[in-house]
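Descriptive analysis of the structure
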Amino acid sequence: MAGVWLSINVLDQLRGLLILVLVSLFISFAMEPAVSRLTARGWRRGRAAGLMLTLTAVVGALLAWLFGRLMVEQVHELVGEVPDLTARTSRLIDEQFNTDLRHTDVVAQLASTEGPIASLGREVAGNVVGIGASVIGLFVQLLSLILFTYYFAKDGPRLRHWLNGLLPVDRRHKMNVLTEIAVQRAGAYLAYRVILAACSSVAHTLAFVALGLPSPVALGVWVGLISQFIPTVGTYLAATLPLLVAIPDGLTTFLIVLGFIVIYQQIENYLLAPRLSATALHIHPAVGFGSTLAGAALFGPIGAILAQPVVAIVQGFAATFTERDDVLQRSTVEDGSATDGQET
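Residues numbered from 1 in each chain as written. Predicted model: local features only at pLDDT ≥ 70, side-chain atom pairs only at ≥ 80, totals over all residues. Heavy atoms only, no water.

What follows is about the confidence of the model for the protein chain. This prediction gives the protein chain a mean pLDDT of 75; 70% of its residues lie at or above 70. Of all secondary-structure elements in the protein chain, the lowest mean pLDDT belongs to helix α6 (residues 116–126), at 55, while helix α10 (residues 216–229) reaches the highest, 84. (pLDDT = per-residue confidence, 0-100. Helix = DSSP H or I, 4+ residues; strand = E, 2+ residues; numbered from the N terminus.)

Okay, here's the thing in structure tokens:
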């Protein structure tokens, strides 16, 4: 019992590292097809893995800079619009509920030293050390993720060969089959998410262009990427930026943007995602949804992201070896029937 307790305690202490390694392994599996193609064309595997990681990092940095700048600009514009928004909101409430609000009093309360804006500013300023430590910790985790992913992608075949060497000869073929299934399903999951993100980006960009929102392409890409690669809460997080942008254009534009995002999400959930999920991942939509909730409950956001590909890989393992056992059983029955017929 002491050994079991110690093992559980050690695993709990190393939980963050294990999740980091698991994420890196999944990303390396998703990169495997591209790295293998470059290697087949004469590239060294380390250079091919480095190129793929560099391209991913450059695209991620460009998107982060673009969305970050857009977010800052919109928040700054929204702060400047506070007096006008307050006046329009006060008039709307007065008309609907027959009240007598004075927007000047509301603005004064918001801008006072004891108001919510000043309190939020003091809270952020007082926690600047904690915010700095969180940023440094996030940078260290990101760097560790990149390094683990690079080594897994670079030395993947060597690592699999070493693991095969530890197994009995009759089980090495099974390990090769399992590895191929894992790589295939990880790549399929990435393609599945990219297709959904592209569809969402195009649809929302066209809607934002029609509504005349500023930076419609950036907003559409933001909604597409965030809603697909951050499960469970990604849709709500993705909606915040276009809704902030729509506020200065009035309540009608705000409600149209909100309504379009909600309607498209329902179309995606009930029409697009089930078809693509069944084709790419070969898992039932209900199983995928349940696995996402379970992954989020057990391991947080990372668990929600990895839940569906892990279920797809496990299901692929089970399906492969179940089919193999069925084939062996049928062949055994047929051989037995043939033998019985010859004896009679």
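Next comes the rest of the write-up.
Let us now look at the pattern of salt bridges. In the structure shown here, the tally under the stated rule is 3 salt bridges. E32 is the salt-bridge partner of R45, the closest N and O atoms lying 2.7 Å from each other. Within this pair, whereas R45 is found in helix α3 (residues 45–80), its partner E32 is found in helix α2 (residues 15–40), the two being separated by 13 residues in sequence. When sorted by exposure, R45 lands in the same class as E32, which is buried. (Salt bridge = Lys/Arg side-chain N within 4 Å of Asp/Glu carboxyl O. Buried < 20%, exposed > 50% of the residue type's maximum accessible area, 1.4 Å probe, protein only.)

Another aspect to go through is helix α9 (residues 169–211). When the terminal C-alpha atoms of α9 are compared, their 64 Å separation across 43 residues agrees well with the 63 Å that a helix rising 1.5 Å per residue should span. Positive backbone phi, approximately 75 degrees, marks G212, located one or two places after α9. (Expected span 1.5 Å × (residues − 1).)

Turning to the side chain of R193, a few remarks are in order. Of note, R193 is situated in helix α9. Although buried, R193 forms no salt bridge, and the nearest oppositely charged side chain, E268, lies 5.7 Å from it. A distance of 3.0 Å separates polar atoms of two side chains, one belonging to R193 and the other to Q228. Those residues within four positions of R193 in sequence are excluded, and the remaining contacts are Q228, F229 and Q308. (Lys, Arg positive; Asp, Glu negative; His and termini not counted. Polar contact = N/O pair within 3.5 Å; in protein donor to acceptor, adjacent residues only side chain to side chain. Contact = heavy atoms within 4.5 Å.)

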